[in-house]
Amino acid sequence: MLVVDPALPTPPFEQLKQQIADQRLSGELPAGHRLPPVRHLAAELGLAPNTVARAYRELEASGVIETRGRNGSYVTGTRQTADKAAAAAAASYVATVTALGVAPDRAVSLVRGALGLA
Amino acid sequence: MVAALSLNAGAFLPAETFAERYRARGVLRPADMPDVDAPSAFLARMRRRERAALGGSVVAVAFVALLAGFGLGPGFQALGFLVFLAVFIGRSLVLAVMSGRETLGSVPGGPRVSRGQVGRLGDHLASWPFALLAVAQLGFLGVFVCAAQGLAPALRAWVWGAAADSLAATAGGWGMARWLVRQPVAAADATELRWSVAVRAQDVSALLLLGPAWAMLVGGVAFVDASGPVRAGGYPLALYVWAYLGVFLLATVAVAAGTRRSTRDGVQGVADARR
């Protein structure tokens, strides 16, 4: 959820920018999350479209989001979100190999093989 | 007429009674609403919506009355249901347009919140009951249109007209629902956001129910004496009407259950569904 309060001393575009960046780091906005179009977000937050466009531009310049042409703006991944997703995939793999009765050493060697490290 | 007025009862309620609908433990609170008190700004917005919806119903009923005055309405028992449907349609369309444009009426200044995403149909409700309803509608209309060949010309024309209109209403309802879920949501804080999202789910449901409810108009001929012993597949037409009504009610219950779940999960549920 994004909150903008015009009564705060921080300019609205800065509030918006900071929240998107923070939520990306915390994982609240996951990698690949599609942000609303500029006019949509401006209408919801009671801001001028230029204000939201400026925040998006600066976020894009700092690599927090990426614009995919007419498909919109998407949150880019971070090290933390990548680690979290990898940990979930590892847990899923462990559950599968355990169910199949594969020995732990064999499971690890399979991963090493898949990574090209064997 | 009583049923039609009850649909717009919100426009006639005193302010205190109206607010009971939007309290965490309000006695008039619908089951599928958030379990927190709605903020006063939201209440004022709902109040404006109800009054406008009443206006929409009045215009739709006036239109039906005009048609009936020119002899273009049904000349049998379906007129009562047609009036009720007009109330429902007028109300739903006005509410949908007001809901889609709610951010335009927001007073500038003060904090505002956003979900940070564009809504999808699945965020607001389970689509499968409506898909089931659309299939049931198609099947019901198919049987009825085939059986209508044996009806008197006036009734046959009614069946064809009502069937075509209801299919157009279903397509239009889905189109408008898709438009509505993509429109911005107005909210000053997280609580108002939850309420706005819950009310929008109701508006979307109403749009998706328009066509299937309209299809029941076709069934009016099954209860007209002049229709004669028309049967389809060996069964009386009324049986198909009751069967369709049963599916309609089941789907409505499923919709209510799905909406309740998404409302209980709230904004966080919407966010989780994205992941």
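Scoring rules and cut-offs
- One numbering rule holds for all chains: residues counted from 1, following each sequence as written.
- Chain letters and ligand numbers both follow the written order, the letters beginning at A and the numbers at 1.
- Residues qualify for local features only when their pLDDT is at least 70, as the model is predicted, and side-chain atom pairs are given and counted only at 80 or more; totals for whole chains, interfaces and linings, by contrast, use all residues.
- Side-chain metrics rest on all non-hydrogen atoms present in the structure, leaving aside hydrogens and water.
- What counts as a ring pair is set by centres within 6.5 Å for rings of Phe, Tyr and Trp (its six-membered ring), and what kind of pair is set by the plane angle: stacked under 30 degrees, edge-to-face over 60, tilted for all other angles.
- Working definition: helices are DSSP H or I runs of at least four residues, strands are E runs of at least two. Numbering for both runs from the N terminus.
- Basic side-chain nitrogens of Lys or Arg form a salt bridge, by our definition, when they fall within 4 Å of a carboxyl oxygen of Asp or Glu.
- Partly exposed describes any residue whose relative accessible area lies between the buried limit of under 20% and the exposed limit of over 50%, with all areas from a 1.4 Å probe on protein chains only and scaled to the type maximum.
- We call a set of buried residues a nonpolar core when its members are Ala, Val, Leu, Ile, Met, Phe, Trp, Tyr or Cys and they connect through side-chain atoms within 4.5 Å of each other.
- Contacts were defined at the residue level, with two residues in contact if any of their heavy atoms lie within 4.5 Å.
- Points on a 1 Å grid over protein atoms alone make up a cavity when a 1.4 Å probe fits among them but cannot get out, and a pocket when they form an open set with protein on both sides within 12 Å along at least five of seven lines; lining residues each have an atom within 4 Å of a point.
- Grid points are joined across faces, edges and corners, and a volume is the space filled by probe spheres set on the points.
- For this classification, the nonpolar set comprises Ala, Val, Leu, Ile, Met, Phe, Trp, Tyr, Cys and Pro, the charged set comprises Asp, Glu, Lys and Arg, and every other residue, Gly included, is treated as polar.
- Buried area is a sum: the accessible area each of two parts loses on coming together, probed at 1.4 Å, counted once for each and added.
- Two N or O atoms form a polar contact when they lie within 3.5 Å of each other; inside protein one atom must be a possible hydrogen donor and the other a possible acceptor, and for residues adjacent in sequence the pair counts only when both atoms belong to side chains.
- By definition, two strands form a pair when at least two bridges between them are found by DSSP.

### Concerning the packing of aromatic side chains
Residues and elements named next belong to chain B.
Phase 1: Taken as a whole, this structure holds 6 aromatic pairs over all chains when the rule is applied.
Phase 2: For the ring pair Tyr22 and Trp195, a centre distance of 5.6 Å and an interplane angle of 65 degrees mean the geometry is edge-to-face. Note that Tyr22 is positioned in the loop between helix H2 (15-20) and helix H3 (40-69) and Trp195 in helix H8 (residues 190-215), a separation of 173 residues in sequence.
Phase 3: Between Phe42 and Trp195, the aromatic rings sit 5.7 Å apart at their centres with planes inclined by 45 degrees, giving tilted as the arrangement. You can see Phe42 sitting in helix H3 and its partner Trp195 sitting in helix H8, a full 153 residues away along the chain.

### Details of the pattern of salt bridges
Phase 1: As enumerated under the stated definition, the model contains 11 salt bridges over all chains in all.
Phase 2: A salt bridge links Lys17(A) to Glu14(A); the shortest N-O distance between them is 3.6 Å. Of this pair, Lys17(A) and Glu14(A) are both found in helix H1 (residues 12-26), 3 residues apart, which corresponds to roughly one turn of the helix.
Phase 3: For Glu14(A), a relative accessible area of 25% gives the class partly exposed.
Phase 4: Between Arg49(B) and Asp203(B) there is a salt bridge, with its nearest N and O atoms 2.9 Å apart. Of this pair, Arg49(B) sits in helix H3 while Asp203(B) sits in helix H8, and the two are 154 residues apart along the sequence. The exposure classification of Arg49(B) matches that of Asp203(B), with both residues buried.

### A word on the nonpolar core
Phase 1: Membership of the largest hydrophobic core comes to 49 residues, with the highest contact counts inside it found for Phe144(B), Val159(B), Val204(B) and Val218(B).
Phase 2: Those elements that provide at least two residues to this core are H3, helix H4 (78-100), helix H6 (128-147), helix H7 (153-181), H8 and helix H9 (237-274) of chain B.
Phase 3: When neighbours within four sequence positions are excluded, Val159(B) is seen to be in contact with Phe144(B), Val145(B), Ala148(B), Leu151(B), Val218(B) and Val221(B).
Phase 4: Listed in part, the 19 residues of the second largest apolar core include Tyr56(A), Leu59(A), Val64(A) and Val75(A).

### Overview of the layout of surface pockets
Residues and elements named next belong to chain B.
Phase 1: A volume near 1000 Å³ is recorded for the largest pocket.
Phase 2: Surrounding the largest pocket, 35 residues form its lining, Leu7, Phe88, Arg91, Gln202 and Ala206 being those nearest its centre.
Phase 3: At the level of secondary structure, the elements contributing two or more residues to the lining of the largest pocket comprise helix H1 (2-7), H3, H4, H8 and H9.
Phase 4: Examining the composition of the lining of the largest pocket, we find that 8 residues originate from one element, H8, more than from any other.
Phase 5: Counted by class, the lining of the largest pocket contains 22 nonpolar, 6 polar and 7 charged residues.

### Looking at the interface of chain A and chain B
Phase 1: At the interface, 20 residues of chain A touch 18 residues of chain B.
Phase 2: At the boundary of chain A with chain B, total buried surface from both sides reaches about 1600 Å², with 57% on carbon and sulfur atoms.
Phase 3: Here chain A and chain B share 0 salt bridges between them.
Phase 4: Seen at the junction of chain A and chain B, the total is 8 residue pairs in polar contact (both at pLDDT 80 or more).
Phase 5: Contributions of two or more residues to the side of chain A that touches chain B are made by strand S1 (2-4), strand S2 (34-35) and helix H2 (38-45) of chain A.
Phase 6: By residue number, the principal contributor to the side of chain A that touches chain B is H2(A), which donates 5 residues.
Phase 7: In the side of chain A that touches chain B, the residues fall into 12 nonpolar, 4 polar and 4 charged.
Phase 8: Note that S1(A) and strand S1 (residues 112-114) of chain B share 3 bridges and pair antiparallel.

Everything listed here is a matter of coordinates, which is why it stays silent on function.
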